[in-house]
Amino acid sequence: MRRKPVKFLSYGLAAILLLSSSYAFRKHGDVENIGNRSVSGRVFKILPNMVSLEKEIQLGQQIAAEFEQTARLVEDPVISDYIDRIGQDIVKHSDAKVPFHIKVIDSDEVNAFAFPGGYFYVNKGLILEAENESELAGVMAHEISHVTARHATTRMSKGQYIQLAAIPALFVGGYWAQMGIQNALGLGINLELMGITRESEREADQLGIQYLWNTGYDPNGFVSFFEKMKRQEKSQPSRLAGWFRTHPSTDDRIVAALDEQRYLPEKDMYVINTSEFKSVRTRLLEIDNAQKAEQDEINSLEQKRPTLKRRTDGDDGDGTETDPEKRRPTLKRPTDEPE
Ligand SMILES: [Zn+2]
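Below is a summary of the structure that appears in this document. Residue positions are given per chain, counting from 1 as you read along its sequence in written order. The model is predicted, so local features are restricted to residues of pLDDT at least 70 and side-chain atom pairs to those at 80 or more, both for listing and for counting; the totals for chains, interfaces and linings are taken over all residues. Hydrogens are left out, water is left out, and the side-chain values use all remaining heavy atoms of the structure.

1. A look at the coordination of the zinc ion
Protein coordination of the zinc ion is provided by His142 (NE2), His146 (NE2), Glu201 (OE) and Glu201 (OE), with donor distances spanning 2.1 to 2.4 Å. Note on donors: an N, O or S atom is included if it sits within 2.8 Å of the metal, or within 3.2 Å for Na, K and Ca, and water is never included, so sites can look incomplete. Any site counts as irregular unless it has four donors with all angles between 85 and 135 degrees, making it tetrahedral, or four or six donors with opposite ones more than 155 degrees apart and the rest between 65 and 115, making it square planar or octahedral. With four donor atoms in place around the zinc ion and angles of 54 to 132° between them, the coordination shape is irregular. Positions of the donor residues of the zinc ion along the chain correspond to the pattern H-x3-H-x54-E. Pair noted here: His142 and His146 are both in helix α5 (residues 133-148), with a separation of four residues, about one helical turn. Categorising residues by exposure relies on relative accessible area from a 1.4 Å probe, with only protein chains included: less than 20% of the type maximum marks a residue as buried, more than 50% marks it as exposed, and the intermediate range marks it as partly exposed. Its relative accessible area of 1% is what places His142 among the buried residues. Each helix is a run of DSSP H or I of at least 4 residues and each strand a run of E of at least 2, with the numbering of both proceeding from the N terminus.

Below, the structure written as structure tokens:
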């Protein structure tokens, strides 16, 4: 009977020790050191990344150049400057060791992706889908984290360690650019080779939330967007296919992301939205609608022309016959905006 309290005490002590150690040794737990710490992944958890930062930038540049040969960019300076500013602000409050080049892609697919070395692309579809700036920033912070943690080249180093002698074919830009293009188009890509694994997604979630918080945004912006995507998964499968392929949506990710937010020191104020976000999105929507109306007109003119080619139902590409109004029932009318 007398031994019971001792036993109880030692269990309690063990529990406290376990809790405090898991807190202290939580990976990337030192958020006060963001910017001065290394979050670069280790190969097989212990070996260093074999690709130098210089090589990584060079590789990214090569991939980006090839990718841009086929990608259609949104060139409107108001939109691209705004997206660049948001991204650079997050980069400044992150662990990034490379400069970032941020561009907007004219694609309806809800997605964003970053090549190694800081070549970062945000799809038009993502900007239009985000409800506020913190959601957009949340997804951008997640992608920036894949670069700061060097997921792609860590994965490449793995291959190098396995085949030390071989010059990996992965270094040849073409292969990577191809994957980038497929990614942008929402086609099937080799996720593991892009550095997208269950583990790297979790890590990018964690770092992204930390960067979001450190930049001054509501750290819940990422989870909020993530959950919204999950709700829409069944109703809009084709438009979101790319998103789910590159962002495997699982409940444990949401649980872990919410958990990460609990660790962050509380701030008095967080940015959720800005008037600039609203006006930029309205502008983008207007450009988008004008483009689609023009395309519709071209299509209908082509239909009227008595050509020999017969149209078969159902083989139309995305957006050729769809009413833009029906596609985005949640968007505000442009007339609501004073600017
Ligand atoms: Zn990711």
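2. Here we look at the sheet that holds strand β1 (residues 101-105)
Two strands qualify as a pair provided DSSP detects at least 2 bridges between them. Strand order in this open sheet of three strands is β1-β3-β2, and the pairing throughout is mixed. Strand pairing shows two members of the sheet lacking a second neighbour, β1 and β2 (112-115), which therefore form its edges. Sheet twist, expressed as the mean angle between neighbouring strand axes with direction ignored, is 20°. Across five bridges, the pairing between β1 and strand β3 (residues 119-123) is parallel. The residue bridging Lys103 from the neighbouring strand is Tyr121, located in β3. The contact rule is simple, with two residues in contact once any of their heavy atoms fall within 4.5 Å. Axis definition: a line fit to C-alpha positions, over the contact stretch in the case of helices; interaxial angles, taken between N-to-C directions, run 0 to 180 degrees. This element, helix α3 (residues 77-92), spans β1 and β3 of the sheet and lies at about 135° to β1.

3. Some thoughts on the pattern of salt bridges
Between Lys or Arg on one side and Asp or Glu on the other, a salt bridge is scored when a side-chain nitrogen of the former is within 4 Å of a carboxyl oxygen of the latter. Scanning all chains against the criterion turns up 21 salt bridges. Ionic pairing is found between Arg262 and Asp259, a salt bridge with its closest N-O pair at 2.3 Å. Separated by three residues within a single helix, Arg262 and Asp259 lie in helix α11 (residues 251-263), roughly one turn from each other. Take Arg262: its relative accessible area is 64%, and that puts it in the exposed class. The network of salt bridges with common partners includes Arg72, Asp106, Asp108, Lys124, Asp288 and Lys292.

4. What to know about the nonpolar core
In globular proteins that are soluble, nonpolar side chains generally tend to be buried together. Working definition of a nonpolar core: buried Ala, Val, Leu, Ile, Met, Phe, Trp, Tyr and Cys residues. They are joined through side-chain atoms within 4.5 Å. Core analysis: the biggest nonpolar cluster contains 52 residues, and Ile83, Phe120, Val122, Leu136 and Met140 have the highest contact counts within it. Tallying contributions element by element places α5 first for this core, with seven residues. Each of domain 1 (27-273) and domain 2 (276-305 + 316-336) gives at least three residues to this core. With sequence-adjacent residues up to four places away left out, Ile83 is seen in contact with Ile102, Val104, Val122, Ile127, Leu136 and Met140. Of all hydrophobic cores here, the second largest spans 11 residues; its members include Leu73, Phe113, Tyr121 and Met156. Boundary definitions for the domains trace back to an automatic or database domain assignment.

5. Thoughts on the packing of α5 against helix α9 (residues 221-232)
Orientation of α5 relative to α9, taken along the N-to-C sense of each, is 95°, at an axis distance of 7 Å. As the angle between them shows, α5 and α9 are arranged roughly perpendicular. Contacts between α5 and α9 involve Ser134, Glu135, Gly138, Val139 and His142 from the first element and Gly221, Phe222, Ser224, Phe225 and Lys228 from the second. When grouped by side-chain class, the residues that make up the contact of α5 with α9 number three nonpolar, five polar and two charged. Orientation labels follow simple angle bins: below 35 degrees gives roughly parallel, above 145 gives roughly antiparallel, 65 to 115 gives roughly perpendicular, and whatever is left gives oblique. Asp, Glu, Lys and Arg are counted as charged, while Ala, Val, Leu, Ile, Met, Phe, Trp, Tyr, Cys and Pro are counted as nonpolar; the rest, among them Gly, fall into the polar class.

6. Quick notes on the packing of aromatic side chains
Geometry of an aromatic ring pair is reported as the spacing of the ring centres plus the angle between the planes. Any two rings among Phe, Tyr and Trp, with Trp reduced to its six-membered ring, count as a pair given centres within 6.5 Å; such a pair is stacked if its planes are under 30 degrees apart, edge-to-face if over 60, and tilted if neither. A full pass over the atoms with the stated rule returns eight aromatic pairs. Ring geometry for Phe100 and Phe120: centres 6.5 Å apart, planes at 85°, overall edge-to-face. In this pair, Phe100 sits in the loop between α3 and β1 while Phe120 sits in strand β3, placing the two residues 20 residues apart along the sequence. The residues Phe100 and Phe120 share a single accessibility class, namely buried. Between Phe115 and Tyr121, the aromatic rings sit 5.8 Å apart at their centres with planes inclined by 65°, giving edge-to-face as the arrangement. A relative accessible area of 0% means that Phe115 is categorised as buried. Put simply, the rings of Phe67, Phe113, Phe115 and Tyr121 pair up and form one aromatic cluster. Arg26 extends its terminal NZ or CZ atom over the ring of Tyr263, reaching a point 3.7 Å from the ring centre. Two limits define a charge over a ring: the Lys NZ or Arg CZ must be within 6 Å of the ring centre, and within 35 degrees of the ring normal. Its guanidinium or amino end placed over the ring of Tyr263, Arg262 lies 5.9 Å from that ring's centre, counting from NZ or CZ.

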